[in-house]
Amino acid sequence: LLGLPATLLTSKPDSQLMLVFGPEDQTHLGPFEATAEYPGYSRVLFSWLAAGLDIGLEEIEIRMEAKGTGWGAVRVLLSDMPQMSWGPPNSEAPSLTLLLTDLKSGRALRLAFPKEVPRDWTFAEIPAGNYTAWVQASPGMFARRVDASPVIVADGKVAQLEVSLSDLTSLQVEIMQGGRSYRGSARISLKCPAPTEQQAASANGNGQVWTTAFSSFIGPPYCVYFLSKSDYLVDVWIADGGGSPMQHAVLRQGTYETLVFNYP
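Scoring rules and cut-offs
- Residues numbered from 1 in each chain as written.
- Predicted model: local features only at pLDDT ≥ 70, side-chain atom pairs only at ≥ 80, totals over all residues.
- Heavy atoms only, no water.
- Helix = DSSP H or I, 4+ residues; strand = E, 2+ residues; numbered from the N terminus.
- Buried < 20%, exposed > 50% of the residue type's maximum accessible area, 1.4 Å probe, protein only.
- Areas by Shrake-Rupley, 256 points an atom, 1.4 Å probe, with all protein chains shown as cover.
- Salt bridge = Lys/Arg side-chain N within 4 Å of Asp/Glu carboxyl O.
- Pairing = 2+ DSSP bridges.
- Axes fitted to C-alpha atoms, helices over the stretch in contact; angles between N-to-C directions.
- Phe/Tyr/Trp six-rings, centres within 6.5 Å; stacked < 30°, edge-to-face > 60°.
- Core = buried A, V, L, I, M, F, W, Y, C linked by side-chain atoms within 4.5 Å.
- Contact = heavy atoms within 4.5 Å.
- 1 Å grid on protein atoms, 1.4 Å probe; cavity = no way out; pocket = protein on both sides within 12 Å on 5 of 7 lines; lining within 4 Å.
- Points joined across faces, edges and corners; volume = space filled by probe spheres on them.
- Nonpolar A, V, L, I, M, F, W, Y, C, P; charged D, E, K, R; others polar.
- pLDDT = per-residue confidence, 0-100.

J.: Any chance you could explain the overall build of the chain here in plain terms?
T.: Along the chain, the regular secondary structure elements total two helices and 19 strands. With 264 residues in all, the chain has 39% of them scored as buried. Accessible surface computed for the chain: about 14,800 Å², of which carbon and sulfur atoms make up 49%.

J.: Explanation requested: the pattern of salt bridges in the structure shown.
T.: Here the idea is simple: oppositely charged side chains can pair when their charged atoms come close. The full count for this structure, using the stated rule, is two salt bridges. We note a salt bridge from R63 to E61, for which the minimum N-O separation is 3.0 Å. When sorted by exposure, R63 lands in the same class as E61, which is exposed. One salt bridge connects R75 with D120, and the closest N-O pair in it is separated by 2.6 Å. Within this pair, whereas R75 is found in strand β3 (residues 71-79), its partner D120 is found in strand β6 (residues 120-127), the two being separated by 45 residues in sequence. You can call R75 partly exposed: its relative accessible area is 29%. Judged by its relative accessible area of 38%, D120 is partly exposed.

J.: Explanation requested: the sheet that holds strand β10 (residues 158-164) in the structure shown.
T.: By way of backbone hydrogen bonds, the strands of a sheet pair with one another, either parallel or antiparallel. With mixed pairing, the three strands of this open sheet are ordered in space as β6-β3-β10. In the strand order of this sheet, the two ends are held by β6 and β10, each with one partner. On average, each strand axis in the sheet is tilted by 20° relative to the strand beside it, whichever way the strands run. As defined by bridge partners, β3 adjoins β10 across seven bridges and the pair is classed as parallel. In the strand pairing of β10, S79 is matched with S164.

J.: Mind showing me how you'd approach the packing of aromatic side chains here?
T.: Summed over the entire model, instances satisfying the criterion amount to six aromatic pairs. Note on F113 and F123: the rings are 5.0 Å apart at their centroids and 80° apart in plane angle, and the pair reads as edge-to-face. On the criterion of sequence distance, the pair formed by F113 in the loop between β5 (108-112) and β6 and F123 in strand β6 is long-range, its members being ten residues apart. The exposure class assigned to F113 is buried, which follows from its relative accessible area of 4%.

J.: Whenever I open this one, the nonpolar core confuses me. Can you help?
T.: Buried together is how nonpolar side chains tend to be arranged in soluble globular proteins. One finds L98 and F226 to be the most contacted residues of the largest nonpolar core, which totals 31 residues. The element best represented in this core is strand β7 (residues 129-137), accounting for four residues. Not counting chain neighbours up to four residues away, the residues in contact with F226 comprise M81, P82, M84, S95, L96, V117, A137, F142, L165, L168, T169 and S170. Among the nonpolar cores identified, the runner-up in size contains 23 residues, and I188, C192, Y222 and A249 belong to it.

J.: Help me understand unusual backbone geometry in this model?
T.: Backbone geometry follows two general trends: most residues other than glycine have a negative phi, and most peptide bonds adopt the trans configuration. Geometrically, the link from G30 to P31 is a cis peptide bond, its omega value of 10° lying close to zero. Within the fold, P31 resides in strand β1 (residues 28-36). Its identity as a non-glycine residue notwithstanding, E125 has a phi of 55°, on the positive side. The backbone phi angle of F226 is positive, close to 60°, even though this residue is not glycine. Looking at the secondary structure, you find F226 in strand β15 (residues 222-228). Overall, the relative accessible area of 0% leaves F226 in the buried class.

J.: So what exactly am I meant to see when it comes to empty space enclosed by the protein here?
T.: Rolled over the atoms, a probe sized like a water molecule indicates the empty space that remains. Inspection of every chain in the model, using the stated rule, returns two cavities of 30 Å³ or more. The computed volume of the largest cavity comes to approximately 80 Å³. Looking at the largest cavity, it is lined by eleven residues, and the ones nearest its centre are P89, S95, S138, S215 and C223. Sort the elements by how many residues they give to the lining of the largest cavity and β15 lands first, with three residues. Of the residues assigned to the lining of the largest cavity, the class counts are seven nonpolar, four polar and no charged.

J.: What is the right way to look at the confidence of the model for the chain in this model?
T.: Mean pLDDT for the chain: 79, with 82% of residues reaching 70 or above. Between residues 1-13, whose pLDDT stays under 50, and residues either more than four places distant or in other chains, the model counts 29 contacts. Here residues 195-208 scores under 50 on pLDDT; set against residues more than four positions off or in separate chains, the count is eight contacts.

This is the structure in structure tokens:
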């Protein structure tokens, strides 16, 4: 997938990337059916055809009808944030998202903070209801439930959440190719131990498993914010240079690390 544009490999909060495998001599596969379900909107069943990658990825826009259940807002106050020392990452994927799961239907809203991640941000036009709230980072190495109590969004009201990010850290990757700074698309792989009891029980051998996440970039800065402190194995792939040997990074609370990868 590295040969695809980096913008197509990033996960936007309101979209999904679906890949289908089939015979090479067919230009399209399908039709396939899928269902879109979001809180406050009627369920939509839609069909789609998958084009070959040599044709290019095709986007399907789905229009949903609001149920008119009332609309409120959620204000999020972030404290003790890691500084974005290198500026916002050059990626379509948001650095931080708010995940609201409706307690009644189980459906979820994934809301993206702006790239610069302001400390005070309000998400408007949230369907009225009771939610669990999680703050999640891209590429998926950090997730935190905001409060044990349900978040109540009422019509015309603003619910307020306070989230501390004091225990997080950051990583920057510098890429050199032929002695010069590389400025093209890249994919960074992060691998770290997954210490939860459930994951450890399913591990082989020594009882330790590893979690892997990927982050795709259009260009520099190649930086990942909002990482949990841990030992990481970091791998970098660039479009015209393949992969690199993994490097080990120990990311500690409240600090940041820079790794340099060299390509011929």
